[in-house]
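Chain by chain, the residues:
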Amino acid sequence: SLIVQLDLDETRDYLTARKAQGFNTLLVNLIDHKLSDNPPGNAFGDEPFASAGEFSQPVDRYFERAHAALSITEELGFVVLLSPDYLGYGGLDDGWYLDMVDAGRDALYGYGRYVGERFADLDNVIWVDGGDFTPPDADLDLLRAVRDGMVDAGATQLRTGHFSPEDSAFDIADWLDVNATYTYEPVYAKSLADEEAHAAAM
């Protein structure tokens, strides 16, 4: 909830402290559905959409503030794993899954274009599709719509995915660049097995 929970001075203070502690990577939601103090609004009272869950109506001021916060992460040398479409554990109200189903592919593609254009300049970002949930196969296209819009708008950053426990990104979505494994088993063993299976399928 870095983008929505802190103002810019607090963001800089927080990140400066974390850098001094040796951290170099952050996992951040671009839009927060439930897990902050005033979701989905930010610390300035800005909402990401003109009305709740309306992906076709992004509010410039919210995303300008988000860009300003992310620029601080870039300045301080952090890699940011940035989720534009956090689904939420089990696809429930922690995240945006149900709103995305209601919105449909066209609205999500437009949202992706908007986000892709606005954040294409940030070289420290790796995009993370999903989050804590593997949707049904038919709904993977909703994530793909966001991705397609972003790519068509010129966002060239690497992309990975975060799905349900024991799923690896390459198991779920073929448009990703970087594998990521969500497991309660030894990560190296699960990742190695998935990499070998992925290579064999290519």
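Residues numbered from 1 in each chain as written. Predicted model: local features only at pLDDT ≥ 70, side-chain atom pairs only at ≥ 80, totals over all residues. Heavy atoms only, no water.

### Some words on the overall build of the chain
Check the secondary structure of the chain and you find eight helices and six strands. Listed by position from the N terminus, the elements making up the chain come as α-α-β-α-β-α-α-β-α-β-β-α-β-α. Dimensions along the principal axes, computed over C-alpha positions, put the chain at roughly 50 × 40 × 30 Å. Counting over 202 residues, the chain shows a buried share of 46%. Sequence-distant contacts in the chain: of pairs separated by 6 or more residues, those separated by 24 or more amount to 69%. Charge-centre separation for the chain: the mean point of 13 positive side chains lies 5 Å from the mean point of 38 negative side chains. (Helix = DSSP H or I, 4+ residues; strand = E, 2+ residues; numbered from the N terminus. Buried < 20%, exposed > 50% of the residue type's maximum accessible area, 1.4 Å probe, protein only. Contact = heavy atoms within 4.5 Å. Lys, Arg positive; Asp, Glu negative; His and termini not counted. Charge placed at Lys NZ, Arg CZ, Asp CG, Glu CD.)

### Quick look at the sheet that holds strand β2 (residues 79–83)
Sheet architecture is open: four strands sit in the order β1-β2-β3-β4, paired in parallel fashion. The open sheet has two free edges, formed respectively by β1 (25–29) and β4 (159–162), since each of these has just one partner strand. Adjacent strand axes in the sheet meet at a mean angle of 30° when their direction is disregarded. As judged from the four bridges shared by strand β3 (residues 125–130) and β4, these two strands associate in the parallel manner. Bridge assignment links Trp127 to a residue of β4, and that residue is Arg159. (Pairing = 2+ DSSP bridges. Axes fitted to C-alpha atoms, helices over the stretch in contact; angles between N-to-C directions.)

### Quick word on the packing of helix α3 (residues 60–75) against helix α5 (residues 105–119)
Look at α3 against α5: their axes get within 11 Å of each other, and the N-to-C directions meet at 40°. Our classification of the angle between α3 and α5 gives oblique. Between α3 and α5 the crossing geometry is right-handed. On the side of α3, the interface is formed by Asp60, Phe63, Glu64, Ala66, His67 and Leu70, while α5 contributes Tyr111, Tyr114, Val115, Arg118 and Phe119. Looking at side-chain class alone, the contact of α3 with α5 contains seven nonpolar, one polar and three charged residues. (Parallel < 35°, antiparallel > 145°, perpendicular 65-115°, else oblique. Left-handed = near helix turned anticlockwise from the far one by under 90°. Nonpolar A, V, L, I, M, F, W, Y, C, P; charged D, E, K, R; others polar.)

### Description of α5
Here α5 is 15 residues long and its end C-alpha atoms lie 21 Å apart, about the 21 Å a rise of 1.5 Å per residue gives. Where α5 is buried, its residues contact α3, α4 (97–103), β3 and α6 (140–152). (Expected span 1.5 Å × (residues − 1).)

### A few points about the side chain of Thr160
Structurally, the position occupied by Thr160 is in strand β4. Beyond its immediate sequence surroundings of up to four residues, Thr160 is in contact with Ile126, Trp127, Val128, Asp129, Ala169, Leu176, Val178, Asn179 and Ala180.

### Section: the environment of Arg65
Within the secondary structure layout, Arg65 lies in helix α3. Taking C-alpha positions, Arg65 is 8.8 Å from Phe44, a pair spaced 21 residues apart along the chain. Filtering out sequence-adjacent residues up to four positions away, Arg65 remains in contact with Leu8, Asn42, Phe44 and Asp46.

### Points about the nonpolar core
In this structure, Leu30 and Phe63 are the most contacted members of the largest nonpolar core, which totals 46 residues. Per-element tally for this core: the top contributor is α6, with six residues. What Phe63 contacts, discounting residues up to four positions off in sequence, is Leu30, Ile31, Pro48, Phe49, Pro58, Tyr111, Tyr114, Val115, Arg118 and Phe119. (Core = buried A, V, L, I, M, F, W, Y, C linked by side-chain atoms within 4.5 Å.)

Purely geometric numbers; function is a separate question.
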